[in-house]
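Spelled out from the first residue to the last, the chains are:
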Amino acid sequence: MRLLKLAAAGAAAGIATLAAGSGLIFPAAASAASGNATVTVVHGIPNTPVDVYANGKEILPGFTFKTVTQPLSLPAGSYTIDVRKAGAAATSKPILSATEQVPAGANLTIVADLTASGTPALTPFVNDTSAVGAGDGRLVVRHTAEAPAVDVYAGTAKAISGLANGQQQALTVPAGTVAAKVTLAGQTAAVIGPVNVPVTAGMATVVYAIGSASGKTLTAVTQQYALGGMPTSAHAGSGGLGADPATSAWPFGIAAAAGVSLAGAGLVAAVRRRRA
Amino acid sequence: MIARSLRNRWPAAALVAGLLLAGGAAAAGYAAVRPPNHNFGTVPPAAYAPVQPPAHFAGHGQPSRPAGQPSRPAGQPSDSGVGAIVSLAVPVRLRIPAIGVSASIIPVGVATTGELGIPDDPRVVGWWAGGAAPGQPTGAVVLVGHIDSAASGPGALFRLAGLRPGAVVDLTAGGRTWRYTVQALRAYPKANLPTGVVFGQRVTPRLVIVSCGGPFDSTTGHYLDNIVAYAVPVPPGHS
């Protein structure tokens, strides 16, 4: 779902106001604790190096096509984002402008992208940080390219059908690597990929289709962010190689004095390795 | 008289000595199987360190803020200045020379069960991306790594329980190295993990490294304890 699409280029450019719906905000633990929000910026406009300003201050100089920033931590508040051609005077008229209310704990991504008809725009997305099951991750595909609706394949299976510019769709998938391929809707030839997309337990991996179909610059970039709230447990071992001797096993305990125990662990490890 | 007295008491003395010896042997035998101590040093205080107002601000009829409370309510921005926009330093490598660790890092998150994700590859360490990043003014940088895995043997943090206060930990993040000094090591039964202490973010900057250890339950395939190391940042120029 496109949340809001604003401010076209050139003569149509104007300052629009974005109000992120508070009901859509999923606080990230750390940022909520500090009163900050997290914002990631993606550049999806081909052949257009830009400088990005926030409230009049340059924050991303020389920002180029296919770049995804690290997460930016910033105090909650109102931010006016201005995008100017790289090197243009800070007082010059921006290519794109938007004003956004950023609540504490919000996790947003702002994409400088192209509409389906090829007009530059700033498109904000709220990143859904709700948790998925243990061992799973969330794969999100966002269509932010000048291109018709697309289908997305995970391996050979069609996972998403008819995703249009400005839309996104999310899938829950087991942690691992997904070979993702993007085709024009109803077709089989890849216009992007296949690309190997890492999916990590408890993380969202967002794939952005960016660029221009007519300009033959279609490509994909990815972003990852954390899902879930505060951890309540961690399981970080399954082999038993580093286990303490058990107090209850008295007769075995004496035999299991350090050296023997270590030797046993070594033997187990050797056997496991041979089996592997 | 004295000699006779000793002679008469000898069997009793021998018995006492024998009992003492037997007791000592038993104690020695117990010591051989008692779980090793995994608790060292002092965990940095969990409470967020408030910025205390200057003394001359006191006494204006306002109730004094209880110790350990944040200096401002949660969710209230301190200011909206863009000078405070900070690019997070995402950790990419962990080095702990004292226990031979040099591991790459990937971000991990939390499942619906509350379980912190962990990289599939036991040689790789996870950074909880919902927690703090190095260099942030508050919060805990939380790392999680395998002690081992049934499939592939020892993991990146196999020797975490051998870490002692004073050891150096280096995190590579955001194109530089962030140095920490270990303050404490703790073993917590998983059933009683103090999650607020381990994962809490309302704290002065710290690094928390979580793994497993203690006894192993072969029926569940889980260790019974979490081994947790706490470290604090070394200010630049002091390393």
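Residues numbered from 1 in each chain as written. Chains lettered and ligands numbered in written order. Predicted model: local features only at pLDDT ≥ 70, side-chain atom pairs only at ≥ 80, totals over all residues. Heavy atoms only, no water.

(A) Highlighting the sheet that holds strand S10 (residues 136–143) of chain A. Residues and elements named next belong to chain A. With respect to topology, four strands assemble into an open sheet ordered S13-S10-S16-S17, the strand pairing being mixed. Unpaired on one side and paired on the other, strand S13 (168–174) and strand S17 (219–226) mark the two borders of the sheet. Averaged over all neighbouring strand pairs, the angle between strand axes comes to 20 degrees, with direction disregarded. (Pairing = 2+ DSSP bridges. Helix = DSSP H or I, 4+ residues; strand = E, 2+ residues; numbered from the N terminus. Axes fitted to C-alpha atoms, helices over the stretch in contact; angles between N-to-C directions.)

(B) Quick look at the nonpolar core. All names here are of chain B. Counting residues in each nonpolar core, the largest one holds 33 residues, and the members touching the most others are Leu94, Leu143, Leu163, Leu171, Leu207 and Ile209. Every element with two or more residues in this core is listed here: strand S3 (91–96), strand S4 (101–108), strand S5 (125–128), strand S6 (140–144), strand S9 (168–173), strand S10 (176–189), strand S11 (206–217) and strand S12 (222–233). Per element, the largest residue contribution to this core is five residues, and it comes from S10. Setting aside its immediate chain neighbours within four residues, leucine 94 contacts Val101, Ser102, Ala103, Ile105, Val125, Leu143, Leu157, Val169, Asp170 and Leu171. (Core = buried A, V, L, I, M, F, W, Y, C linked by side-chain atoms within 4.5 Å. Buried < 20%, exposed > 50% of the residue type's maximum accessible area, 1.4 Å probe, protein only. Contact = heavy atoms within 4.5 Å.)

(C) Expanded view of the sheet that holds strand S2 (residues 86–87) of chain B. Pairing is mixed in the open sheet, where five strands are placed in the order S9(A)-S8(A)-S2(A)-S5(A)-S2(B). Edge positions in the open sheet fall to strand S9 (120–126) of chain A together with S2 of chain B, since each of these has one partner strand only. Summarising the sheet, strand S2 (residues 36–43) of chain A and strand S8 (residues 107–114) of chain A pair through six bridges and their orientation is parallel. Across the sheet, residue threonine 40 of chain A finds its bridge partner in S8 of chain A, namely threonine 109 of chain A.

(D) Broad picture of the environment of lysine 181 of chain A. Residues and elements named next belong to chain A. Position of lysine 181 among the secondary structure elements: in strand S14 (residues 176–184). For the pair lysine 181 and threonine 69, spaced 112 residues apart in sequence, the C-alpha separation works out to 24 Å. Each residue touching lysine 181, except ones within four places of it in the same chain, is listed here: Asp151, Val152, Tyr153, Thr188, Ala190, Ile192 and Pro194. Polar contacts involving the side chain of lysine 181 include one to the main-chain carbonyl oxygen of threonine 188, which spans 3.2 Å. (Polar contact = N/O pair within 3.5 Å; in protein donor to acceptor, adjacent residues only side chain to side chain.)

(E) Representation of the packing of aromatic side chains in the model. Counting across every chain of the model gives two aromatic pairs over all chains. Ring centres of tryptophan 128 of chain B and phenylalanine 199 of chain B lie 6.4 Å apart, and the angle between their planes is 80 degrees; on these two criteria the pair is classed as edge-to-face. Placement of tryptophan 128 of chain B in strand S5 and of phenylalanine 199 of chain B in helix H2 (residues 195–199) is noted, with a sequence separation of 71 residues between them. Classification of tryptophan 128 of chain B by relative accessible area gives buried; the value is 0%. Measuring from ring centre to ring centre gives 4.9 Å for phenylalanine 216 of chain B and tyrosine 223 of chain B, while their planes differ by 65 degrees; the resulting arrangement is edge-to-face. Overall, the relative accessible area of 1% leaves tyrosine 223 of chain B in the buried class. The ring centre of tyrosine 53 of chain A lies 4.7 Å from the NZ or CZ of arginine 84 of chain A, which sits over that ring. Positioned above the aromatic ring of tyrosine 153 of chain A, the side-chain terminus of lysine 181 of chain A is 4.8 Å from the ring centre. (Phe/Tyr/Trp six-rings, centres within 6.5 Å; stacked < 30°, edge-to-face > 60°. Lys NZ or Arg CZ within 6 Å of the ring centre and 35° of its normal.)

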